[in-house]
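Chain by chain, the residues run as shown.
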Amino acid sequence: REILKRENYLDRNRRTCKLDEDRLAIPVKPKDENSSHKELCVRHISDILKMHGNLTDLLVEISYEDVPLSKAKLLQKKRSQLAEKLETFVKENNGRWSTDLEKDVPTAWEKHGDLVLIPQKYFSSPVWTQYAPACWEIVAQHLGVRRLAIKQTISNDGYRTPNVRFLLGDTGWVQHIDNGIKYNYDVTKCMFSAGNITEKLRVAGFDCSGETVLDLYAGIGYFTLPYLVHAKAAFVHACEWNPDSVEALRNNLKINNVSDRCQIHAGDNRQFQLTDFADRVNLGLIPSSEEGWPIACRALKSSSGGILHIHSNVERKARRKCGSVGDNSSSEVECCEETTLDDRPKNSGNKAVTESIDPDAYHNCPESEECSTAQISLTHRDFSSSHKFNNHKDNKESTYVPCSEWLMWAEQTAATVKEILQDKHPETEWCTGILHIEHVKSYAPHIDHLVLDLHCQPLKK
């Protein structure tokens, strides 16, 4: 699919789908808009796939299948239909349909069970109030829900409490299901970030069997639950200071049948007293989780260390536009240099895998036999070696070095964490190693939500 997209053959208006056990349908289009489908060269496509994808045994055929529309195309179609229904309704009620009202119809929304949250820039015209609640009932029926609400600016109250204005309905409790995990929460009191789904899926792919995990910013269980349900952590300590989120978290642990493997620590995590127990610490707070670094370092096992997953927003400089990895289209991303990656050992599924880590990735490691060989026993089946990073879109290893700001932030973080570890565990020397940088999402202008996987290891005397 990525190869076809790069060669401009992929039809992005339709979805890739499985036809049967042996056939996968990838929608294609003429490479040139002026060409016809008859000019689609099967041999050319086949040769491209075999040459660039090492797919020597691939059988390619062109057929006309009823391939479903892409999610973006379906959303666009649904929005157009909604605008038509509202236009008809306004005119039937002796109103005037205008360009401003057309633009006021949402192009995006969040669906949580039978409630839809609409960004505050939509339905902002005062004209809508004279047609309420009938117009809202049309919207709700079209979107297949019973409740509608406008999602407004988040409160600056320390809890990041949502501001929600109901258009239809008045109760905020909803259920959202991600990757088989149920999240119950009140949209008027708790945040739910749908944009973090790629990171939640990544966490779900970890192998944490036998591990004790500390989640310093648990919320309603965004990462606590994937660690317990899918990553199979032996136990999770979850810190959360928002009482409403604590209530939701307690309920979510119960409905997902993992209450017996989690302890909630309600209140300010700066007062968290447990030490020397964690194999892994999740620091899922943006724009920065730096305030939690000392707590995380104190919590790591002093005998074996562990892994910190450090979230942060990192600002990068504006650069010229260039195609993203595996894509010829223009987008505002840094033009990255191509680099050759050496082959690394693949995990066969065992929990512990010894990988060769570049010693340069370890920060200020004193000269020792252990550091010079740099053989580190890792506990994450998919950790990359030093300076190998995954493309956030498809979670596949990329052959591109990320922008310099990412590396600078990661190296500065590694250095700072090493100093904190020395302070919290002065009885031994420590080194820190950059295992992986994950790009979760981007904000305009030029701000990236990143996660640094940092290996922290005490050195044997």
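In the block above lies the structure referred to throughout.
Residues numbered from 1 in each chain as written. Predicted model: local features only at pLDDT ≥ 70, side-chain atom pairs only at ≥ 80, totals over all residues. Heavy atoms only, no water.

Asker: Which parts of the structure should I look at to understand the overall build of the protein?
Answerer: Of the regular secondary structure elements, the protein holds 11 helices and 22 strands. Going through the 461 residues of the protein one by one, you find that 47% of them count as buried. Counting contacts in the protein only where the partners sit at least 6 residues apart, residues at least 24 apart contribute 65% of the total. (Helix = DSSP H or I, 4+ residues; strand = E, 2+ residues; numbered from the N terminus. Buried < 20%, exposed > 50% of the residue type's maximum accessible area, 1.4 Å probe, protein only. Contact = heavy atoms within 4.5 Å.)

Asker: Would you mind showing me how to read the pairing of strand β12 (residues 280-283) here?
Answerer: Two faces, one strand: in a regular strand the side chains alternate between the faces of the sheet. Going residue by residue along β12, you find Arg280 and Asn282 tucked away on one face and Val281 and Leu283 tucked away on the opposite face as well. Two elements, strand β9 (residues 212-215) and β12, share 3 bridges in a ladder whose sense is parallel. Across the sheet, Asp215 pairs through a bridge with Asn282, a residue of β12. What joins β12 to strand β13 (residues 306-315) is helix α9 (residues 293-299), and the crossover it makes is right-handed. (Pairing = 2+ DSSP bridges. Right-handed = clockwise from strand over helix to strand, strands pointing away.)

Asker: Explain the side chain of His265 here, please?
Answerer: Summarising the element assignment, His265 is placed in strand β11 (residues 262-266). In this structure His265 comes out as buried when scored by relative accessible area, which is 17%. The contact partners of His265, leaving out residues within four places of it in the chain, are His237, Ala238, Cys239, Glu240, Phe272 and Leu274.

Asker: How do you make sense of unusual backbone geometry when you look at a structure like this?
Answerer: As a rule of thumb, non-glycine residues mostly have phi less than zero, and peptide bonds are mostly trans rather than cis. With an omega of 0 degrees, the peptide bond between Ala132 and Pro133 qualifies as cis. Within the secondary structure layout, Pro133 lies in the loop between β4 (115-119) and α5 (134-143). Look at the link from Ile286 to Pro287: it is a cis peptide, with omega at 10 degrees. Locating Pro287 in the fold gives a position in the loop between β12 and α9. Its identity as a non-glycine residue notwithstanding, Lys232 has a phi of 60 degrees, on the positive side. On the secondary structure map, Lys232 appears in the loop between α7 (224-229) and β10 (235-240).

Asker: Just checking my understanding: could you explain the side chain of Asp207 for this structure?
Answerer: When you line up the elements, Asp207 lands in the loop between α6 (197-204) and β9. Residue classification places Asp207 among the buried residues on the basis of a relative accessible area of 16%. Here the side chain of Asp207 touches Ser209 through a polar contact of 2.9 Å, side chain to side chain. (Polar contact = N/O pair within 3.5 Å; in protein donor to acceptor, adjacent residues only side chain to side chain.)

Asker: Help me out: how do you make sense of the sheet that holds strand β3 (residues 110-112) in this one?
Answerer: Strand pairing within a sheet occurs via backbone hydrogen bonds; the two strands may be parallel or antiparallel. If you trace the 4 strands from one edge of the open sheet to the other, you get β3-β4-β5-β6, paired in mixed fashion. Every interior strand has two partners, whereas the edge strands, β3 and β6 (163-168), have only one. Direction aside, neighbouring strands of the sheet carry axes that sit 30 degrees apart on average. Judged from the 5 bridges that link them, strand β5 (residues 147-152) and β6 form a sheet pairing that is antiparallel. By the bridge assignment, Gln152 is partnered in β6 with Asn163. (Axes fitted to C-alpha atoms, helices over the stretch in contact; angles between N-to-C directions.)

Asker: Looking at this model, I keep getting lost on the packing of aromatic side chains. Mind explaining?
Answerer: For any pair of aromatic rings, the description consists of the separation of the ring centres together with the inter-plane angle of the planes. For the structure on display, the rule yields 7 aromatic pairs. Judged by centre distance (6.2 Å) and plane angle (40 degrees), the ring pair of Trp128 and Trp136 falls under tilted. Comparing Trp128 with Trp136 shows no difference in burial state: the two are buried. In this structure an aromatic cluster arises from ring pairing among Trp97, Phe123, Trp128 and Trp136. (Phe/Tyr/Trp six-rings, centres within 6.5 Å; stacked < 30°, edge-to-face > 60°.)

Asker: Honestly, the nonpolar core in this entry has me stumped. Any pointers?
Answerer: Counting residues in hydrophobic clusters, the biggest one holds 35 residues, and the most contacted among them are Tyr185, Ile220, Tyr227, Val236 and Leu253. Listed by contribution, the elements that provide at least two residues to this core are β4, β8 (181-186), α7, β10, α8 (243-255) and β11. If we skip the residues at most four places from it in the chain, Leu253 touches Thr224, Leu225, Leu228, Val258, Ser259, Cys262 and Ile264. (Core = buried A, V, L, I, M, F, W, Y, C linked by side-chain atoms within 4.5 Å.)

Asker: How should the pattern of salt bridges be read in this particular structure?
Answerer: Opposite charge on two side chains lets them pair, provided their charged atoms get close. Summed over all chains, the structure comprises 14 salt bridges. For Arg79, the salt bridge goes to Glu102, with nearest N and O atoms at 2.8 Å. Of the two residues, Arg79 sits in helix α3 (residues 71-92) while Glu102 sits in helix α4 (residues 99-103), which places them 23 residues apart along the sequence. Relative accessible area serves as the criterion here: at 28%, Glu102 is assigned to the partly exposed category. The salt bridge involving Lys91 is made with Glu87; its shortest N-O contact spans 2.8 Å. Of this pair, Lys91 and Glu87 both sit in helix α3, 4 residues apart, which is roughly one turn of that helix. Its relative accessible area of 48% is what places Lys91 among the partly exposed residues. Taken together, the shared-partner salt bridges connect Glu199, Arg202, Glu438 and Asp453 into one network. (Salt bridge = Lys/Arg side-chain N within 4 Å of Asp/Glu carboxyl O.)

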